[in-house]
Amino acid sequence: MLDVKDTAITDDFVDPITADPREFAAKVNAWVPHDIVLKDAWFPLAHSSAVTKKPVRRAVYSHPYFLWRDHGVAVAAEFHPSDTERTAKSSYSDSEGRYPVIEEYGYVWGWFGNPANAAPEHVPSLPYLPEDGGLPLHMVGTVRFDCTAPLSLENLIDLTHADFLHADVVGDEKMDKETVEVFHDSETITMVRTCVNKSVAPIMKIFGGVKSDVQQVRQVIRIYLRSHAAIAYGRFSPGDNVQLFHPCVPETRDRTRLDYVINTSNVKKSNLFRYLMPKASYKVSRQDSYMTSPQSPRYMQPEKRKDLHSPLDEAGQKYRVLMLALAERQARGDFAYRDNVSADCSEIIGYDGK
């Protein structure tokens, strides 16, 4: 049994989702994610531990970001510091070719857009990551997807896909009841899925000490649209909470870098789940890539054929429309934030600090 609810958060926000249903359907089917380039956003370019005195290269929409530390302080620039002959710089950096940079939550974030608009309050809220970082290295990792970043996030926000694609890790589709709720504003979309008596996640049964055959589950995906970054938070009873940060940095329009963190500090040190759950991302990402990689080229051009959707695709459809609305607004020269992405989102994701 499935219940689907939606709540639009309205605060000086012209909601593109409450428009005419036919217009909404037309936007859903006009989805060409490779064409979307959102600006004036912080991107988590690298784990803090990966940035040292030696420069490393990252990219956002094919724009180079060289990262290194100068007397311990993170620096991001368009050019390698050893380059003596530099080509013309872009408008995304200052007169020295340096980008605005900030270090928070264990990441070095680079600003993509007008440097004058860079501000700390535009860093997304990640309530279960320590602001000063410092998590053990076994909780972090890096994977890549051969697909456009919005498509990867559209896949993620359909939480039901995990029942089939990742059943050997997080459990199959068997349960007594599920309820799906979708919340959105101009900068975020959040899907909350509540499952009653769901098949226990195999990784928790085998390695986490869960003896029951079923669990009560509340799963949340919250996407920060501009930063292409997602919170994935799950509460499992019996079992331990799953606290994943899933940033999809668009290195190019069809290549995505994921420097993830799964904070398992809440799990007992004697429990193998604390150490193995972060490594499960390597298996899960291969499963996701198997599905999204062949899909990505199919969305490079407008398509007359309609996408087919089920009620479970509601969050994904609304994600498409919100991304298109934000891109259209930026195309008109409006880059302002109408909602505060740094506001604590603990309540909406159900995080209680444990």
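All residue numbers here refer to positions counted from 1 along the written sequence of the relevant chain. Side-chain atom pairs in this predicted model are given and counted only at pLDDT of 80 or more, local residue features only at pLDDT of at least 70, and totals for whole chains, interfaces and linings cover all residues. Water and hydrogen atoms were dropped before computing side-chain values, which therefore reflect all heavy atoms in the structure.

Segments assigned H or I by DSSP are reported as helices when at least four residues long, segments assigned E as strands when at least two residues long, and all are numbered from the N terminus. Each helix and strand counted, the chain has nine helices and 15 strands in total. As defined in this context, the radius of gyration uses C-alpha atoms, and a globule is described by 2.2 Å times the residue total to the power 0.38. Taken over C-alpha atoms, the radius of gyration comes to 20 Å for the chain, in line with the 20 Å a tight globule of 354 residues would show. By principal-axis analysis of the C-alpha atoms, the chain measures approximately 65 × 55 × 40 Å. Put simply, of all contacts in the chain between residues at least 6 apart along the chain, 66% involve residues at least 24 apart. The contact criterion used throughout is that any non-hydrogen atoms of two residues lie within 4.5 Å.

Bringing the side chain of Gln-287 into the picture now. Along the chain, Gln-287 turns up in helix α7 (residues 280-295). Burial here depends on accessible area, computed with a 1.4 Å probe over protein chains only, as a share of the maximum for the residue type. Under 20% is buried, over 50% is exposed, and the range in between is partly exposed. On the accessibility criterion, Gln-287 (16% relative accessible area) is buried. Engagement of the side chain of Gln-287 in a polar contact is seen with the side chain of Asp-168, the distance being 3.3 Å. Setting aside anything within four residues of it in sequence, one finds Gln-287 in contact with Leu-165, His-166 and Asp-168. Distance and chemistry together define a polar contact, namely a pair of N or O atoms within 3.5 Å, with one atom able to donate a hydrogen and the other to accept it when in protein, and with adjacent residues in sequence counting only for side-chain atoms on both sides.

So, about the pattern of salt bridges. Here, a salt bridge means any Lys or Arg side-chain nitrogen found within 4 Å of an Asp or Glu carboxyl oxygen. Evaluation of the coordinates by the stated rule reveals 17 salt bridges. Close ionic contact of Lys-318 with Glu-314 constitutes a salt bridge, the shortest N to O distance being 2.7 Å. Here the residue Lys-318 and the residue Glu-314 both occupy positions in helix α8 (residues 314-331), the gap between them amounting to four residues, near one helical turn. With respect to burial, Lys-318 and Glu-314 carry one shared label: buried. Three or more residues joined by partner-sharing salt bridges are found here, namely Glu-187, Arg-226, Arg-329, Asp-334 and Arg-338.

Attention shifts here to a nonpolar patch on the surface. Each patch is built from residues that are more than 30% exposed by relative accessible area and take part in no salt bridge. Like charges join if they lie within 9 Å; nonpolar side chains (Val, Leu, Ile, Met, Phe, Trp, Tyr) join within 5 Å. With residues, only the protein chains shown are counted as cover, and all accessible areas are computed by Shrake-Rupley using a 1.4 Å probe. There is a patch of nonpolar side chains on the surface, built from Ile-206, Phe-207, Leu-272, Tyr-275 and Leu-276 and spanning about 450 Å² of accessible area. Of all elements in the fold, only α5 (202-207) and α6 (273-276) reach the threshold of two or more residues within the nonpolar patch. Looking at the element boundaries, Leu-276 is found in helix α6.

So, on to empty space enclosed by the protein. The method works on a 1 Å grid over the protein atoms by themselves. A cavity is a set of points holding a 1.4 Å probe that cannot get out, a pocket is an open set with protein on both sides within 12 Å along at least five of seven lines, and residues with an atom within 4 Å of a point line them. Grid points are joined across faces, edges and corners, and a volume is the space filled by probe spheres set on the points. Enumeration over the complete set of coordinates arrives at two cavities of 30 Å³ or more. Leu-156, Val-170, Ala-232, Leu-244 and Val-284 are the residues nearest the centre of the largest cavity, which is lined by 30 residues in total. Looking at the lining of the largest cavity, the elements that each hand over two or more residues are β8 (140-145), α5, β11 (214-224), β12 (229-237), β13 (242-247), β15 (255-262) and α7. Tallying contributions element by element places α7 first for the lining of the largest cavity, with five residues. Amino acids are sorted into nonpolar (Ala, Val, Leu, Ile, Met, Phe, Trp, Tyr, Cys and Pro), charged (Asp, Glu, Lys and Arg) and polar (every other residue, Gly among them). Split into classes, the residues belonging to the lining of the largest cavity amount to 22 nonpolar, seven polar and one charged. Taken as a whole, the second largest cavity holds about 30 Å³ of empty space. Forming the walls of the second largest cavity are His-122, Pro-124, Glu-187, Tyr-224, Leu-225, Arg-226, Ser-227, Tyr-337 and Val-341. A breakdown of the residues in the lining of the second largest cavity according to their chemical character gives five nonpolar, two polar and two charged.

Right, let's get into the pairing of β13. With six of its six residues buried, β13 lies for the most part within the structure. Bridge analysis of β12 against β13 gives six bridges, and the strand direction is antiparallel. Bridge assignment links Gly-234 to a residue of β13, and that residue is Val-242. At least two DSSP bridges between two strands are needed for those strands to be called paired. Where β12 hands over to β13, the hairpin turn is made up of four residues, of which Gly-239 adopts a positive phi near 130°. Bridge count for β13 against β15 is two bridges, and the pairing is antiparallel. Paired with Phe-245 across the strands is Val-261, a residue of β15.

Strand order in the open sheet formed by three strands is β2-β7-β6, with antiparallel pairing between adjacent strands. The strands lining the two open edges of the sheet, one partner per strand, are β2 (41-47) and β6 (101-104). Across the sheet, the mean angle separating the axes of adjacent strands is 35° when strand polarity is ignored. Inspection of the sheet shows β6 paired to strand β7 (residues 107-112) by four bridges, in the antiparallel sense. Across the sheet, residue Glu-103 finds its bridge partner in β7, namely Val-108. Orientation is described by axes fitted as lines to C-alpha atoms, over the contacting stretch for helices, and by angles from 0 to 180 degrees between their N-to-C directions.

All right, on to the state of the cysteines then. Any two cysteine sulfur atoms within 2.5 Å of one another count as a disulfide. If you walk through the whole model with that rule in mind, you get zero disulfides. The structure places no disulfide on Cys-248, whose sulfur is separated from the nearest cysteine sulfur, that of Cys-147, by 7.5 Å.

Summarising the element assignment, Val-182 is placed in strand β9 (residues 177-184). It is 24 Å that separates the C-alpha atoms of Val-182 and Gln-330, two residues lying 148 residues apart in sequence.

Moving on: the layout of surface pockets. Computed from the structure, the largest pocket encloses a volume of approximately 370 Å³. Lining the largest pocket are 15 residues, with Glu-154, Gln-295, Tyr-299, Asp-313 and Arg-320 positioned closest to its centre. When residues of the lining of the largest pocket are traced back to their parent elements, those giving at least two are α2 (149-157), α7 and α8. Its residues assigned to classes, the lining of the largest pocket shows four nonpolar, six polar and five charged.

This is a description of form; function is not addressed.
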